[in-house]
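Coordinates in review
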There are 2 protein chains.
Amino acid sequence: MKPWKTLGSTKIVSDRWLHLTADRCALDSGKIIDPYYVMHEKDWVIVFAQTEDARILVVRQFRYAAGVFCSELPGGVVDEGESPLQAAERELLEETGHSAPDWVAIGSMYANPVRQTNSIHVFFAKGAQLVSEQKLDHGEELTFHLATLGEVERMIDSNEFSHSLHVASFYRVLAFLAAGT
Amino acid sequence: MKPWKTLGSTKIVSDRWLHLTADRCALDSGKIIDPYYVMHEKDWVIVFAQTEDARILVVRQFRYAAGVFCSELPGGVVDEGESPLQAAERELLEETGHSAPDWVAIGSMYANPVRQTNSIHVFFAKGAQLVSEQKLDHGEELTFHLATLGEVERMIDSNEFSHSLHVASFYRVLAFLAAGT
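First, a word on scope: everything that follows refers to the structure included in this document.

How each quantity is defined
Residue positions are given per chain, counted from 1 along the sequence in the order it is written. Here chains are named by letter from A upward and ligands by number from 1 upward, in the order in which they appear as written. Thresholds applied to this predicted model are a pLDDT of at least 70 for local features of residues and 80 or more for the giving and counting of side-chain atom pairs; totals over whole chains, interfaces and linings are not thresholded and use all residues. Note on conventions: DSSP H or I runs of at least 4 residues are helices, E runs of at least 2 residues are strands, and numbering of each starts at the N terminus. With C-beta atoms placed from the backbone, a residue counts as buried when 20 or more other C-beta atoms lie within 10 Å of its own, as exposed when 12 or fewer do, and as partly exposed for counts between those limits. C-beta atoms are first placed from the backbone for all residues, and any pair lying within 7 Å is then listed as a contact. Joining buried Ala, Val, Leu, Ile, Met, Phe, Trp, Tyr and Cys residues through C-beta atoms within 7 Å gives a set, and that set is a nonpolar core. Residues are sorted three ways: Asp, Glu, Lys and Arg are charged, Ala, Val, Leu, Ile, Met, Phe, Trp, Tyr, Cys and Pro are nonpolar, and all the rest, Gly among them, are polar. We place the copies in one frame by least squares, fitting the C-alpha atoms of every residue whose pLDDT is at least 70 in both. Note: two strands are recorded as paired if DSSP finds a minimum of 2 bridges between them. Between N-to-C directions, angles span 0 to 180 degrees; the directions come from axes that are lines fitted to C-alpha atoms, helices contributing only their stretch in contact. Here a helix's expected span is defined as the number of its residues, less one, multiplied by 1.5 Å. Orientation is classified from the angle alone, with under 35 degrees giving roughly parallel, over 145 giving roughly antiparallel, 65 to 115 giving roughly perpendicular, and any other angle giving oblique. Crossing chirality is assigned from the near helix's rotation relative to the far helix, an anticlockwise turn below a right angle marking it left-handed and a clockwise turn marking it right-handed.

1. Digging into the overall build of chain A
When you go through chain A residue by residue, the secondary structure sums to 3 helices and 11 strands. Along the three orthogonal principal directions, the C-alpha set of chain A runs to about 60 × 40 × 35 Å. Residues classed as buried in chain A amount to 40% of the 181 residues present. Of the contacts made within chain A by residues no fewer than 6 positions apart, 60% connect residues no fewer than 24 positions apart.

2. Topic: the nonpolar core
Counting residues in hydrophobic clusters, the biggest one holds 90 residues, and the most contacted among them are V47 and A49 of chain A together with V47, F48, A49 and F123 of chain B. In contact with V47 of chain A, other than residues within four places in its own chain, are L73, P74, G75, A88, E91, L92, F123 and A125 of chain A.

3. What to know about the interface of chain A and chain B
Each partner contributes residues to the interface: chain A has 52 residues there, and chain B has 52 residues. Broken down by secondary-structure element, the contributors of at least two residues to the side of chain A that touches chain B are β1 (5-14), β3 (32-39), β5 (56-63), β6 (68-72), β9 (102-110), α2 (149-157) and α3 (164-179) of chain A. Here the side of chain A that touches chain B takes 7 residues from α3 of chain A, the largest share from any one element. Among the residues forming the side of chain A that touches chain B, the class breakdown is 31 nonpolar, 13 polar and 8 charged.

4. Side note on the environment of T51 of chain A
Residues and elements named next belong to chain A. Relative to the assigned elements, T51 resides in strand β4 (residues 44-51). Judged by the 17 C-beta atoms lying within 10 Å of it, T51 is partly exposed. In this view, T51 contacts A128 and L146; residues no more than four positions away in its chain are not counted.

5. Some details on unusual backbone geometry
Residues and elements named next belong to chain A. Cis rather than trans, the peptide bond between D34 and P35 has omega equal to 5°. Of note, P35 is situated in strand β3. In the Ramachandran plot, A54 falls in the positive-phi region, its phi being about 65° despite a non-glycine side chain. Here A54 shows up in the loop between β4 and β5.

6. Observations regarding the relation of the copies chain A and chain B
Rotating chain A by 180° about the axis while translating it 0.0 Å along that axis superimposes it on chain B, leaving an RMSD of 0.0 Å. The superposition operator between the copies reduces to a two-fold rotation axis. The position closest to the rotation axis in chain A is occupied by the C-alpha of A168 of chain A, lying 1.9 Å away. Counting the interface residues of chain A, we find that 100% of their copies in chain B are interface residues as well, pointing to one common contact surface.

7. A short note on the sheet that holds strand β1 (residues 5-14) of chain B
Residues and elements named next belong to chain B. Spatial ordering of the open sheet is given by β1-β2-β3, a layout of 3 strands whose pairing is antiparallel. This sheet does not close on itself; its edge strands, each paired only once, are β1 and β3 (32-39). Ignoring strand direction, the axes of neighbouring strands in this sheet form an average angle of 25°. The sheet contact formed by strand β2 (residues 19-26) and β3 spans 6 bridges and is antiparallel. Residue pairing for β3: D23 is matched across the bridge by Y36.

8. Overview of α3 of chain A
Compared with an ideal rise of 1.5 Å per residue, which puts 16 residues at 22 Å, α3 of chain A spans 22 Å between its outermost C-alpha atoms and is within 8% of the ideal. Of all the positions in α3 of chain A, only S164, L165, H166, V167, A168, S169, F170, Y171, R172 and V173 of chain A are classed as buried.

9. Re the sheet that holds β3 of chain A
All names here are of chain A. Reading across the sheet, the 3 strands line up as β1-β2-β3 and stay open at both edges, with antiparallel pairing between neighbours. Two strands lie at the open edges of the sheet, namely β1 and β3, each paired on one side alone. In this sheet, adjacent strand axes meet at a mean angle of 25° when their direction is disregarded. In this structure, β1 lies alongside strand β2 (residues 19-26), joined through 8 bridges in antiparallel fashion. The residue of β2 that forms the bridge with K5 is A26.

10. Let's talk about the packing of α3 of chain A against helix α3 (residues 164-179) of chain B
Look at α3 of chain A against α3 of chain B: their axes get within 8 Å of each other, and the N-to-C directions meet at 60°. The orientation of α3 of chain A with respect to α3 of chain B, classified from their angle, is oblique. Crossing angle aside, the handedness with which α3 of chain A passes α3 of chain B is left-handed. Contacts between α3 of chain A and α3 of chain B pair S164, L165, V167, A168, Y171 and R172 of chain A from the former with S164, L165, V167, A168, Y171 and R172 of chain B from the latter. Along the lines of polarity and charge, the residues of the contact of α3 of chain A with α3 of chain B split into 8 nonpolar, 2 polar and 2 charged.

Below, the structure written as structure tokens:
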């Protein structure tokens, strides 16, 4: 198998929210796929932040496309000029008012490599403490609370913590913690 | 917090590959978000299929949007008129030529509830056996192999198994297996 070739790319939407192209692709076999839609996205960060007493910061917000309230980890977009770590620190502070002295980069993975260009960078923040108020973006309505590991696991089973990118990130940090013991 | 209201919805793309709308949304606070892009998707299935000798079926294919080859679990779209289990059985057979006598529905989660409407249904298939050739869709170029649990875990760490929806699904099955022992 070889990578596909891009024979052409047409902009469908290009604004601050979405950069969507319709590409014309050639497979190694000679097959042509046209259109193949691609969402050109900035990278995202997701933060597993734990307090000294081993509780995890969980945020809850309405997710419009699926029409549900989701419990998730803090996170968001890596802005222009920011490193993933800087974005992770900023998002944790904005969404929960917490900062942490000790950060571990757990790894990266693709948000959805079939349709999107971007990666998620997963961080483990240790010793998180409340240091300020939330500072939410325009349009963000978000609450946060602290949960034990077992509580998050039960929220995954009950579909309350049901954003799969956050499920993947949560378990990657658990695997990191299990490997360290 | 209350669910957002949809004040309007405009079709941007509607073909067999993508159904994208630009919605006008009202938050409980009175804030208006316009446009809010929504991808209306069919549900997907992902299958953790294990052979009698405890090896896992892993597929590998080129993922055009991210421009990478990804190792993943078998899976795909739930077609019209199919149950998630039927789709899971069909995708496992088409992609790997394997079938299994024993299936467990592990749970569902949202693919990306921020932007997409759909859920992923995760299945654990036990006792998978080779019964036929692959039957790939138009445009699918896909190989499969068998890997141990530890090999998949190492592929996640090394970013070779890096599609986050598949990482989430893999760990959900591991959590199910751990809970049963």
